[in-house]
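Observations on the three-dimensional arrangement
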Amino acid sequence: PPAGSLRGRHVLVTAGPTHEPIDPVRYIANRSSGKQGFAIAAAAAQAGARVTLVAGPVHLATPAGVERVDVETAREMAAAVEAALPADIAVMVAAVADWRVADAAGQKLKKQGGGVPALALAENPDILAGLASGPRRPQLVVGFAAETQDVIRYAQEKRLRKHADWIVANDVSGDVMGGDLNAVHIVRADDVISLPEMPKEDVARALVERFADAFPR
Ligand code: C5P
């Protein structure tokens, strides 16, 4: 295969938010659009990889040549990631909810008598950390970090804490979430590669080139 190709590699990508139900009609969510993760899945497929994209609830078309698995909750996402293994490269872009509602109601909660319901939260599994320290760890594990300050320092800490090889850090103090542009720092063990702000598709292609460099032909 030509240099820059990911042919023969299996790339696993998570993208989007998760929805954590409160009751059958309500949920906790976040502002992730899924655009950056979908762009990475598309770029990896274009580079010849087999791509599994585990997607939270988003309104995006499935990129060409990508196998998509739709999930709603963090626990469903964790199970779908496990089911997709083995993979050579894992890119965990999803904005996974840190907490779920501990006992989601089976019926719609009703307004009643002046009281408000108390929501007890439970911690969700950390999909990235579990994968990176698990028995079927992909050779290259890449996490993302959305920060609003001290972006690189927090990313380096996150890289170590979660046993990821690289953390792609982005400054979300602007309007990155849902926007079409992104500026990222690829934080690795021995260096940091800072890319200028560019469309998320271009960020994806730049990242995929680095993945291919990490798997020399
Ligand atoms: O700790 P934080 O949520 O900022 O870490 C972000 C990174 O961890 C992202 O790569 C995200 O996809 C991943 N993550 C995960 N499972 C969680 C929380 C975060 O895979 N429960």
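Residues numbered from 1 in each chain as written. Predicted model: local features only at pLDDT ≥ 70, side-chain atom pairs only at ≥ 80, totals over all residues.

Close to the ligand lie 14 residues; M92, V96, I127, L128 and G143 are nearest. Among the elements of the structure, helix 3 (127-132) and strand 9 (140-147) are those that each provide at least two residues to the shell around the ligand. Counting residues per element, the shell around the ligand draws most heavily on strand 9, at three residues. Each residue belonging to the shell around the ligand can be placed in one class, and the counts come to nine nonpolar, three polar and two charged. (Near = placed C-beta within 6 Å. Helix = DSSP H or I, 4+ residues; strand = E, 2+ residues; numbered from the N terminus. Nonpolar A, V, L, I, M, F, W, Y, C, P; charged D, E, K, R; others polar.)

Next up on the list: the UniProt feature "binding site: CTP" (unreviewed entry) in the protein chain. Cross-referencing UniProt, the feature "binding site: CTP" (unreviewed entry) maps to D98, K108, P125, D126, I127, L128, F144, K158 and K162 in the present numbering. What stands out for the annotated residues spanning 65 residues is how far apart their C-alpha atoms range, the widest pair being 37.9 Å apart. For D98, the position within the fold is in the loop between strand 6 (89-92) and strand 7 (99-101). Given 14 C-beta atoms within 10 Å, D98 falls into the partly exposed group. Contacts of D98, omitting those with residues within four sequence positions, involve E123 and N124. Tracing the sequence through the fold places D126 in the loop between strand 8 (121-123) and helix 3. (UniProt positions renumbered as here; feature names shortened; annotations may be inferred. Buried ≥ 20, exposed ≤ 12 C-beta atoms within 10 Å, placed from the backbone. Contact = placed C-beta atoms within 7 Å.)

For the rest of this paragraph, the subject is the sheet that holds strand 13 (residues 192-194). The mixed open sheet is built from eight strands, whose spatial order is 5-4-1-6-9-10-12-13. The two strands at the open ends of the sheet, each matched to only one other strand, are strand 5 (66-70) and strand 13. Going from strand to strand, the sheet's axes swing by 15° on average, the running direction of each strand aside. Of the strands in this sheet, strand 1 (10-15), strand 4 (50-55) and strand 5 touch helix 2 (residues 74-84), which is tilted by about 165° from strand 4. (Pairing = 2+ DSSP bridges. Axes fitted to C-alpha atoms, helices over the stretch in contact; angles between N-to-C directions.)

Its location among the elements puts P199 in strand 14 (residues 198-199). Separated by 19 residues in sequence, P199 and D180 place their C-alpha atoms 5.7 Å apart. Every residue in contact with P199, bar those within four places of it in the chain, is listed here: D180 and L181.

We now examine unusual backbone geometry. In the segment running from L85 into P86, the intervening peptide bond is cis, with an omega of 5°. Note that P86 resides in the loop between helix 2 and strand 6. Of note, D150 is a non-glycine position whose phi angle comes to about 45°, a positive value. Tracing the sequence through the fold places D150 in the loop between strand 9 and helix 4 (151-161). D150 sits in the exposed class, given 11 other C-beta atoms within 10 Å. Phi at H163 is positive, roughly 60°, even though this residue is not glycine. Here H163 is to be found in the loop between helix 4 and strand 10 (166-171). We classify H163 as partly exposed; it has 16 C-beta atoms within 10 Å.

For the rest of this paragraph, the subject is the packing of helix 1 (residues 35-46) against helix 5 (residues 200-214). Where helix 1 meets helix 5, the axes come as close as 8 Å, and the angle between the chain directions of the two elements is 50°. Here helix 1 lies oblique to helix 5, going by the angle between them. Two packed elements cross with a definite hand, and for helix 1 against helix 5 that hand is right-handed. Contacts from K35, Q36, A39, I40, A42, A43 and A44 of helix 1 reach helix 5 at K200, E201, V203, A204, R205, L207 and V208. Split into classes, the residues belonging to the contact of helix 1 with helix 5 amount to nine nonpolar, one polar and four charged. (Parallel < 35°, antiparallel > 145°, perpendicular 65-115°, else oblique. Left-handed = near helix turned anticlockwise from the far one by under 90°.)

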